[in-house]
Amino acid sequence: MQNLIEQALTRFESLCDNWGKGYGTLKKHSSFVYLWTPPASALPSAKTIALTLQAITHGNEVGGILSLIECLRLLQGGTLRPQVTLGFVLGNPAGAMANRRFLETDMNRSFGSAGTSLEGQRARHLESILKQTEYFLDFHQTIEQSAQPFFIFPYTASGLAFARAAHSDVSVVTHWGQTFSLDGMCSDEFVNYSGGTGITIELGKKGFDPYQTSVGLQAILGSIQYVQQKLSAQYEPADQVSPLYTWKAIELYEEGMELNEGLYNFQPVIKGEIIGVHGQKPLRSRESGWLLFPKYHRDRLAPRPREIYRVAKRIEAPDLGKPGVVGV
């Protein structure tokens, strides 16, 4: 895996650094951060960068790199001809080189803070790009298997419209009333806080996978089309809408909790179902729904997770933003 990661990072950087006579102009902003502009005048946007695409915010969630590379290849050859400015960002290349989620602190909990860790410093640097970004799509992967890819982001009307236009077949998990994590601000939250629209897509289990690459590329192409239509006042919502979910329960970690092996994202669970142990007692699902983000403490160098699993529930559009819908 390490060789594959190094090869992907090299391919990304080489493609960008040797743009030559590729379509449009691609300039290096800083390490693994590139800005693309069309050959003609770009559609006017509220911010300098109309759309930023970011991968490996978590260093070992590497699948998004290939989606960005495929997009860059289409751009370079002129097959893809956007009329908007684009940012291409690899969030935590140092973590990727070590094939670790992070080296010191979780970068996706480090935005908008004064952290001095390696990831905190990188987040500070990337904030200069994110503040200039009108629309932002962050590519993540799950630690465990996932029955399907899914968008996940704090609810905003603009974020939901963006996600559904980017890839109408992919379910949306959204939340409101509290931050995603008690440990700090995520990238999409920071973009929203800075006046843009930020969303995240979970492609599937971490690693390289052709299906995930294609899902990511389709989300990129859909995002570009959506942003162009929005900026030119030509956007019309599609009739097809993807399924909506939000939290029903969040189980905080307590000493002695261990999940059964083999649990996966979007696995259906029933309230009271045994999904692990809590000391000498069975650990039962608090609610019925779909399991999300089951946590196993396999990396002994990393701290224990603050939470051990979540349960999602299906909702409809009228439920969005209402108090009492999101669980605790």
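Refer to the structure above for everything that follows.
In this text the structure is predicted, and so the values were computed from the model without any measurement. (Residues numbered from 1 in each chain as written. Predicted model: local features only at pLDDT ≥ 70, side-chain atom pairs only at ≥ 80, totals over all residues. Heavy atoms only, no water.)

### Some points on helix 1 (residues 2-17)
One turn of the α-helix equals 3.6 residues, which is why residues spaced by three or four share an orientation.
Then step 1. The terminal C-alpha atoms of helix 1, which comprises 16 residues, lie 22 Å apart, in line with the 22 Å expected from a rise of 1.5 Å per residue.
Then step 2. All buried positions along helix 1 are accounted for by I5, A8, L9, F12, L15 and C16. Viewed along the axis of helix 1, the buried residues span an arc of 140°, placing them on a single side of the element. Residues of helix 1 that are exposed and point over 90 degrees away from its buried face: N3 and T10. (Helix = DSSP H or I, 4+ residues; strand = E, 2+ residues; numbered from the N terminus. Expected span 1.5 Å × (residues − 1). Buried < 20%, exposed > 50% of the residue type's maximum accessible area, 1.4 Å probe, protein only. Arc of directions from axis to C-beta.)

### Remarks on the pattern of salt bridges
Then step 1. Taken as a whole, this structure holds nine salt bridges when the rule is applied.
Then step 2. We note a salt bridge from R101 to E61, for which the minimum N-O separation is 3.0 Å. On the criterion of sequence distance, the pair formed by R101 in the loop between helix 3 (93-97) and helix 4 (118-130) and E61 in the loop between strand 3 (49-55) and helix 2 (63-77) is long-range, its members being 40 residues apart.
Then step 3. Between E127 and R124 there is a salt bridge whose closest N-O contact spans 2.7 Å. One end of the pair is E127 and the other is R124, both in helix 4 and three residues apart, which spans about a single turn. (Salt bridge = Lys/Arg side-chain N within 4 Å of Asp/Glu carboxyl O.)

### Side note on the side chain of S171
Then step 1. Relative to the assigned elements, S171 resides in strand 7 (residues 171-175).
Then step 2. Among the polar contacts made by the side chain of S171, one reaches the side chain of Q148 at a distance of 2.8 Å.
Then step 3. Leave out the neighbours within four places in its chain, and S171 touches Q148, P149, F150, F151, S242, P243 and Y245. (Polar contact = N/O pair within 3.5 Å; in protein donor to acceptor, adjacent residues only side chain to side chain. Contact = heavy atoms within 4.5 Å.)

### Some words on the packing of helix 2 against helix 7 (residues 210-231)
Then step 1. Packing of helix 2 against helix 7 brings their axes to within 8 Å, and their N-to-C directions diverge by 55°. In terms of orientation, helix 2 lies oblique with respect to helix 7. Here helix 2 and helix 7 pass one another in a crossing that is right-handed. Two secondary-structure elements touch here, helix 2 through L66, S67, L68, E70, C71 and L74 and helix 7 through Q212, T213, G216, L217, I220, L221 and I224.
Then step 2. Among the residues forming the contact of helix 2 with helix 7, the class breakdown is eight nonpolar, four polar and one charged. (Axes fitted to C-alpha atoms, helices over the stretch in contact; angles between N-to-C directions. Parallel < 35°, antiparallel > 145°, perpendicular 65-115°, else oblique. Left-handed = near helix turned anticlockwise from the far one by under 90°. Nonpolar A, V, L, I, M, F, W, Y, C, P; charged D, E, K, R; others polar.)

### Brief notes about the environment of E134
Then step 1. The topology assignment puts E134 in strand 5 (residues 133-142).
Then step 2. When near neighbours in sequence (up to four residues on either side) are disregarded, E134 contacts S45, A46, K47, I49, A50, G196, T197 and L231.
Then step 3. Engagement of the side chain of E134 in a polar contact is seen with the backbone nitrogen of A46, the distance being 2.9 Å.

### Comments concerning the pairing of strand 6 (residues 150-154)
Then step 1. Strand 6 sits mainly inside the fold: five of its five residues count as buried.
Then step 2. Burial of strand 6 is two-sided: the residues F150, I152 and P154 facing one way and the residues F151 and F153 facing the other way are all buried.
Then step 3. For the segment spanning strand 6, helix 5 (residues 157-166) and strand 7, crossover handedness is right-handed. (Right-handed = clockwise from strand over helix to strand, strands pointing away.)

### A closer look at the pairing of strand 8 (residues 197-205)
Then step 1. Among the nine residues that make up strand 8, eight are buried, leaving the element largely enclosed by the rest of the structure.
Then step 2. Across seven bridges, strand 5 lies against strand 8 in parallel orientation. Following the sheet pairing, Y135 is matched in strand 8 by T197.
Then step 3. Inspection of the sheet shows strand 6 paired to strand 8 by three bridges, in the antiparallel sense. Looking across to strand 8, one finds that F151 is bridged to I201. (Pairing = 2+ DSSP bridges.)

### Topic: the sheet that holds strand 15 (residues 307-315)
Then step 1. Ordered in space as 1-2-4-3-5-8-6-7-9-15-14-11, the 12 strands form an open sheet in which the pairing is mixed. The open sheet terminates on both sides in strands that have one partner only, identified here as strand 1 (25-30) and strand 11 (267-269). Across the sheet, the mean angle from the axis of one strand to that of its neighbour is 30°, orientation sign disregarded.
Then step 2. Lying over the sheet, helix 5 contacts strand 3, strand 5, strand 6, strand 7, strand 8 and strand 9 (244-252), oriented at roughly 45° with respect to strand 8.
Then step 3. Along the sheet, helix 7 makes contact with strand 3, strand 4 (86-90), strand 5 and strand 8, crossing strand 5 at roughly 165°.

### Points about the sheet that holds strand 10 (residues 257-259)
Then step 1. With antiparallel pairing, the three strands of this open sheet are ordered in space as 10-12-13. Across the chains shown, the open sheet's two edge strands, defined by having one partner strand only, are strand 10 and strand 13 (281-284). Along the sheet, successive strands turn relative to each other by an average axial angle of 35°, direction set aside.
Then step 2. Pairing geometry for strand 12 (residues 274-278) and strand 13, over four bridges, is antiparallel.

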